[in-house]
Number of protein chains: 2
Amino acid sequence: MEITELQLPYSAADRGWLRYEPRDSLQGLPVWSRIFVSEWSDTLEAAVRELRYGIREMSGQSPEIVVGGESLAQGAFIRCATVRESLPNELHSDLLLQDLNEDGYLLKHVADKENGGCLYIVGRTDKGILYGAFHLLRLLQMEVPAERIDLVENPRNPLRMMNHWDNMDGSIERGYAGRSIFFKDQRLIEDDGRIRDYARLMASIGINGISINNVNVHEAEARLITAEYLPQVARVAGIFSAYGIRLFLSINYASPMQLGGLATADPLDSGVRQWWKEKAVEIYRYIPDFGGFVVKADSEHRPGPFTYNRTHADGSNMLAEALAPYGGVVIWRCFVYNCMQDWRDRTTDRARAAYDHFKPLDGQFRDNVILQIKNGPMDFQVREAVSPLLGAMPQTNQMLEFQITQEYTGQQKHLCYLVPQWKDVLDFDTYARGEGSTIQRVASGELYDYKHCGITAVINVGDDENWTGHTLAQANLYGYGRLAWNPDLSEAEITEEWIKQTFGTHAAVVEQLTTMLAESWRIYENYTSPLGVGWMVNPGHHYGPNVDGYEYSVWGTYHFADCHGMGVNRTVKDGTGYTGQYFAENAERYESLDSCPDELLLFFHHVPYTHRLHSGKTVIQHIYDSHFEGADGVEALIERWRLLEGLVDPKRHEAVMGRLRHQAEHSKEWRDIINTYFYRKSGIGDELKRMIY
Amino acid sequence: MEITELQLPYSAADRGWLRYEPRDSLQGLPVWSRIFVSEWSDTLEAAVRELRYGIREMSGQSPEIVVGGESLAQGAFIRCATVRESLPNELHSDLLLQDLNEDGYLLKHVADKENGGCLYIVGRTDKGILYGAFHLLRLLQMEVPAERIDLVENPRNPLRMMNHWDNMDGSIERGYAGRSIFFKDQRLIEDDGRIRDYARLMASIGINGISINNVNVHEAEARLITAEYLPQVARVAGIFSAYGIRLFLSINYASPMQLGGLATADPLDSGVRQWWKEKAVEIYRYIPDFGGFVVKADSEHRPGPFTYNRTHADGSNMLAEALAPYGGVVIWRCFVYNCMQDWRDRTTDRARAAYDHFKPLDGQFRDNVILQIKNGPMDFQVREAVSPLLGAMPQTNQMLEFQITQEYTGQQKHLCYLVPQWKDVLDFDTYARGEGSTIQRVASGELYDYKHCGITAVINVGDDENWTGHTLAQANLYGYGRLAWNPDLSEAEITEEWIKQTFGTHAAVVEQLTTMLAESWRIYENYTSPLGVGWMVNPGHHYGPNVDGYEYSVWGTYHFADCHGMGVNRTVKDGTGYTGQYFAENAERYESLDSCPDELLLFFHHVPYTHRLHSGKTVIQHIYDSHFEGADGVEALIERWRLLEGLVDPKRHEAVMGRLRHQAEHSKEWRDIINTYFYRKSGIGDELKRMIY
């Protein structure tokens, strides 16, 4: 049996890192003439189709796909198999095969004296084979010699998710790359091409769960779980399913009222419980592998169990009970805080909120509830402390939430590679069970015995041709997926993979782009809000500098700058007590000015402008210096990118250069506004007498 | 001939000041049994219909309307006549009749021995009679005894206009009272009732020109001057026409390109000139009494003659030439400034812009061009200097522009009676031709011999039931019209008229409301931006406090506050030189700290917070005191309004109370944010140790 020759990619969108440009290492040489696969499934079809396509594009030669046939063919071949099949001794004897988990795979070159060098992709499941196929293609794009391939991979995180904040009118909350790829005019988009290519991109980095609608579930989106929309949702779920991805939906907690006409949404009300049970039956009838619900409840004016004097545990358990028979989970967001705070009140601290709300409930959640916790206690700032809730609930499934979409980090107009930030978070030691209790071990379930856990992120894609607005923002999308798969990967490894796949293996390209990406986060941090204090952006859309933008607001996001100093006193001694939410080692480190790291100084302390940092600089001089450095850093990015003219295709080169030029202008605006604000406020001049207004 | 009994009012909207509630002074007594009118016209019909309706509502008795009949009827009557008719000697001998201008009228009680007390309304034109009829109804509503009526009125301003900033999608730029009464879904609204009632309200205060669309003329609105829309526009113009109002349209300067497909809109291009001439022919074919064009050109990204290196004179004269044959005028706005200013640049001063642009062009404009000049050089702030351009162009028609819609003065959620502000402006002495060269004499054409001139204002009405959102904001609408008619009217006179017509003549109502209105502007000023510096509002929508909201923007609107002091140095000595745009007496007064009035101190000078005002207070203490006083003042407004419970109908009482309560809350937010901002910035505490955060 030969599979139909389908056209890949499915849409005219940018190919991202699945670019498969011709590779010298594969050109002109005989490659694998056949791809064997013994069984058949949508997922295996996806795998072998991708393999054939990728190899043909890179080598110019198209392997034949053979289903269920003898693998003793003439010439080199690739064989896709599950561990249940009979395999060459070299593989069977491989003890590592025993360790493959659901999504794991073995990828191995076997020198066959009759057929030459053959490649085996062995998974415990078809999904494992799919991931292995993408891994092989990655290595080939990177020009890794096939004969060196010998590896076993298991994803570290059971759940590796993407959260879309897409609305059914096609808009995307915090979207900076066009409109939704799923929704338009209150319907699901019927052209599946883009969604298929999206599923390929996601599967290639190991994503296995995607929620397709905004966590702020409005009127229309609430109806996605009704018969009106479920057939359309099921169609998308089917596309995902072939790529090993389960579809999730964000739901409105008040659905029993809005959709069911009940008088209450009280989670302890038997009618409400029954309504959700019946709703689960209905959903799984349409989507047998439905992942579950993502829920933002009692947060930023969203409905939730608080209305009925119930807890988050009551609220989530009720939904979890309904989904349990089908293996579904409830992903309950911990982004709960008082969003109508009085700015005059310095005792309330938004940073405390998630811990204060959820920590006391540890042990009260069903085992198919997962608490989804943002990496920091505030909201995806360029720099903030790690959330003390992560690791603080041994008896409750937890999941880490990142933000790939650059809401506060330049909105994909500025280059800001977030992998270094995420690495910092993943490697942060909570000391929850002594040294080495890192965030990545919390999320992966290694630290505590979580039934469900993992990492999720708010995605940065839209219907822009290049998916992410800024072409280089694809690196964040890629990097996130890779870290969700294996948080131990180094920034350097991830960056090299992405560059080589996306822009080729030319040494100058790799060198310049690696440096650009590596420096970009610090550059962005330098010209925006200083020393971990955060915010200082225009309210609402969050783009561009506005030092007092959130200072007198209801959002709990303040810097308290006056003519003497600035920063938020979150100490136990005489502040909000937030530092006390950490385990002792961190609590002590942050509590003391002596040990608090410079980059988080103003997150934890209110200090005079003349306070001297560990760096030796005063706070005010640090502000000036870092802002001049930041804007200069963007000019350096431009210089590096200019070097790649001719080495990167003109279309992408010009597009990126255009964004960098805007970033350069905008970074000067940031620099001058922040510096001028603090110069006017402090009255302290720049030691280097640079121009401040 | 008897006129049809039409239902007044035409719509279910609030009646405003045309309320005609039963009046004790007219109840139970015999009133005028007939209204005589010798000729007939739409305007006379409007006049006598209003008279009959008003008298019936107030007295319970309905006069008969007699057209062309003998006025020697039995019993008291009202006679409407023009000066051309034969009138009793007592009137003919009245020398004042000779002085009636186009819109003037005589209103006189004549004791007739046969018929009792009769009233004569004599105008030079039908319009004069219409205005006289409304005047009579006003006096009756105010319970002025009929026998005391003996007056001659001429409007002081030839043009008494309203500018709508309505868009064809129904939105209103800077509208705070619902949607447009003219437009919806890109069409003119077909139900005329609301427009007729609006025309009645406008005629009752003497308005004789109305532009119905936004000065920012977008794609759709540009087409109002095409055959697609002119029939609909003509219908509205016809309604207005009966009420003595000429309709104007705002036009897009680039119309020859957008509508005509020409390659240019150059005012010196013969094809462009021809296009506008033909356009004028077409417009006047539909609307014979079309007023003319209102033009915002080369301002805030609107197209204009600058594109072609032509002047505002070139641009406006070209349009004026096209309209001249039909008596149309071009109203050319002087709100022209650099709206892409670099905030770092302290040499450019937006306040200078109108004068710098237009003063050099004096004498170059056709006599049917009028320059429309905002009262202040910035943009309708709660307090700003008077525009130095007013009175500075002896050879160029000028027109004064006010803003009734409360863009910067509380958006009709806050009570802010603007008549006191407008009086200040109208009575401001420019010294253009020596002492007494007041703004009102500039606008009215008394100072220079203007062919066209007057006053216009951006209106505050929408389709809210009560027209203006805040019921008490009707007082601004009313007061503006009365001042446009007669700028010598005192605030007290206008306020009394409005209250008695709108809320009745009860002494407590008049007393409390008079005080509320009189104090409201100062109260609002107190808790918002201090000492004439302006701005400090949230950008874009302009509601609520944001001290730095415009500080680092492109709009040329800064306060330059630092830890030492604040204000804009506009002196000739070492500032922007703006003070030099005034005639000597004012230039000297504003230039010197000794003579600059406190309320404009920060508009003209940058001073330390410790600078002592003429009031004896330091600037910083003034900020604190005025802000506490302002918020306290709103509480006092509430107390006064509470006294009127039972004296004002519950519906309007509750609606106003609701707005006042919001104002009270919001004024505290203003108070605390402004005070905190300056406390944090200056480090100087409040002498009275009140709570600042």
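These figures come from a predicted structure and were not determined experimentally.

Undergrad: What am I meant to see in the sheet that holds strand β10 (residues 209-211) of chain A here?
TA: To summarise the sheet geometry, strands pair through backbone hydrogen bonds and adopt either a parallel or an antiparallel arrangement. All names here are of chain A. Around the barrel, eight strands lie side by side as β7-β10-β11-β12-β13-β14-β15-β16; this closed barrel has parallel pairing. In this sheet, adjacent strand axes meet at a mean angle of 25° when their direction is disregarded. Looking at chain direction, strand β7 (residues 159-163) and strand β16 (residues 454-458) are connected through three bridges and run parallel. Paired with R160 across the strands is I455, a residue of β16. Contacts from helix α11 (residues 419-427) reach β15 (398-403) and β16 within the one sheet, and its direction differs from that of β15 by about 160°.

Undergrad: Just checking my understanding: could you explain helix α19 (residues 650-682) of chain A for this structure?
TA: Residues lying three or four places apart along an α-helix face the same way, a consequence of the helix completing one turn every 3.6 residues. For α19 of chain A, built from 33 residues, the straight-helix expectation of 48 Å at 1.5 Å per residue is met to within 8% by its first-to-last C-alpha distance of 47 Å. Directly beyond the C-terminal end of α19 of chain A, a positive phi value near 75° is found at G683 of chain A.

Undergrad: How do you make sense of the nonpolar core when you look at a structure like this?
TA: Proteins that are soluble and globular tend to have nonpolar side chains buried together. The biggest cluster of nonpolar side chains holds 212 residues, and the ones touching the most others in it are M162, Y198, M202, F240, W641 and F678 of chain B. A237, W275, V369 and V634 of chain A belong to the second-largest nonpolar core, a separate cluster that totals 211 residues.

Undergrad: What is the right way to look at the domain arrangement of chain A in this model?
TA: Accessible area lost upon the coming together of the parts is a frequently used measure of interface size. All names here are of chain A. Each domain of chain A was delimited in the assignment, giving domain 1 (24-153), domain 2 (159-492) and domain 3 (527-568 + 606-682). Just the C-alpha atoms count here: the centres of domain 2 and domain 3 sit 29 Å apart. Listed by partner, the interface residues are 30 residues for domain 2 and 32 residues for domain 3. On the domain 2 side of the contact with domain 3, W343, K413 and H414 bury the most area, a combined 24% of that side's loss. Taken together, the connections running from domain 2 to domain 3 amount to one salt bridge. Put simply, domain 2 and domain 3 have 15 residue pairs in polar contact (both at pLDDT 80 or more) between them. Grouping the constituent residues of the side of domain 2 that touches domain 3 by class yields 10 nonpolar, 10 polar and 10 charged.

Each value, and the rule that gives it
Residues numbered from 1 in each chain as written. Chains lettered and ligands numbered in written order. Predicted model: local features only at pLDDT ≥ 70, side-chain atom pairs only at ≥ 80, totals over all residues. Heavy atoms only, no water. Pairing = 2+ DSSP bridges. Helix = DSSP H or I, 4+ residues; strand = E, 2+ residues; numbered from the N terminus. Axes fitted to C-alpha atoms, helices over the stretch in contact; angles between N-to-C directions. Contact = heavy atoms within 4.5 Å. Expected span 1.5 Å × (residues − 1). Core = buried A, V, L, I, M, F, W, Y, C linked by side-chain atoms within 4.5 Å. Buried < 20%, exposed > 50% of the residue type's maximum accessible area, 1.4 Å probe, protein only. Domains from an automatic or database assignment. Buried area = accessible area lost by both parts, 1.4 Å probe. Salt bridge = Lys/Arg side-chain N within 4 Å of Asp/Glu carboxyl O. Polar contact = N/O pair within 3.5 Å; in protein donor to acceptor, adjacent residues only side chain to side chain. Nonpolar A, V, L, I, M, F, W, Y, C, P; charged D, E, K, R; others polar.

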